[in-house]
Amino acid sequence: FPSHDMIRNDICAHNLDVKIVCVGGGFSYGALGASHHATEDLSIMRSLSNMTVFCPGSLDEVKILTLEAARMRTPCYLRLDKDGGWTSKVSAPVKIGMPRQYVKGNKLTLLATGGVLSEVEKALCILKKDAGYDLMKLFTGSFGTLGVISQVTLRVYPQAEAFGAWIGVGES
């Protein structure tokens, strides 16, 4: 994005105590279509030297990470969800740079950050009601950014003995 050069050259290169707060990153404006999705901001900001990136997923994390950003004397980027779609579930204490486990499992790993975390919680509740996790339901609408499959069990069905097709062509 155009301000990237200014942030890189004027703030990060000089390691200035500047805080940038973004509201509405990611899929926050999802209903407005792909032209309103800001999904690159996290990777762009993380690539900048001296920049610390915060992407809270709960209101408690917003408070903790805002105070942490204010305490730091280096450039920080705080990305907030516009809808306040925060999760209420808080597990382990926040440790900067370390992921936290929200739900324990052994066959599927979901990675989420920020406001989409509450949507992941809803998806897990729906999927747990079924006999198992339906990966098609899980990844629908996620544009491949929702998770990592760590184990897959496949079934091989025998080939059908016969296959037929009928094609009709005629004049109307």
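Residues numbered from 1 in each chain as written. Predicted model: local features only at pLDDT ≥ 70, side-chain atom pairs only at ≥ 80, totals over all residues. Heavy atoms only, no water.

**Student:** How should the confidence of the model for the protein be read in this particular structure?
**Tutor:** Reading fine detail from the predicted coordinates is not recommended where pLDDT is low. The pLDDT averaged across the protein works out to 75; a share of 62% of its residues lies at or above 70. Helix H5 (residues 135-139) is the least confidently modelled element of the protein, averaging 54 in pLDDT, while helix H1 (residues 4-12) averages 94, the highest of any element. (pLDDT = per-residue confidence, 0-100. Helix = DSSP H or I, 4+ residues; strand = E, 2+ residues; numbered from the N terminus.)

**Student:** What's the story with the pairing of strand S3 (residues 76-80) in this structure? I'm lost.
**Tutor:** When a strand is regular, its side chains alternate between the sheet's two faces. Across the 5 residues of S3, 5 count as buried, placing the element largely inside the fold. Neither face of S3 is open: one carries Cys76, Leu78 and Leu80, the other Tyr77 and Arg79, and all of them are buried. As judged from the 5 bridges shared by strand S1 (residues 19-23) and S3, these two strands associate in the parallel manner. Bridging across to S3, Cys22 finds its partner in Arg79. Sheet topology places strand S2 (residues 52-54) next to S3; 3 bridges connect them, and they run parallel. Bridging from a neighbouring strand, Val53 pairs with Tyr77 of S3. After leaving S2, the chain enters helix H3 (residues 59-71) and then returns to the sheet as S3, a path that is right-handed. (Buried < 20%, exposed > 50% of the residue type's maximum accessible area, 1.4 Å probe, protein only. Pairing = 2+ DSSP bridges. Right-handed = clockwise from strand over helix to strand, strands pointing away.)

**Student:** Would you mind showing me how to read the sheet that holds S1 here?
**Tutor:** To summarise the sheet geometry, strands pair through backbone hydrogen bonds and adopt either a parallel or an antiparallel arrangement. Reading across from one edge, S1-S3-S2 is the order of the 3 strands in this open sheet, with parallel pairing throughout. Two strands bound the open sheet, and with one partner strand each, they are S1 and S2. Each strand of the sheet is rotated relative to its neighbour by a mean of 15 degrees, with strand direction disregarded. Here H3 sits on the sheet and contacts S1, S2 and S3; the angle it forms with S3, its principal contact strand, is near 160 degrees. (Axes fitted to C-alpha atoms, helices over the stretch in contact; angles between N-to-C directions. Contact = heavy atoms within 4.5 Å.)

**Student:** Explanation requested: H1 in the structure shown.
**Tutor:** At 3.6 residues per turn, the α-helix brings residues three or four places apart onto the same side. Turning to H1, its buried residues number three or more, namely His4, Ile7, Ile11 and Cys12. The arc enclosing the buried residues of H1, seen along the axis, measures out at 85 degrees, which places them on a common side. Structurally, H1 contributes buried residues whose contacts are with S1 and helix H2 (41-46). (Arc of directions from axis to C-beta.)

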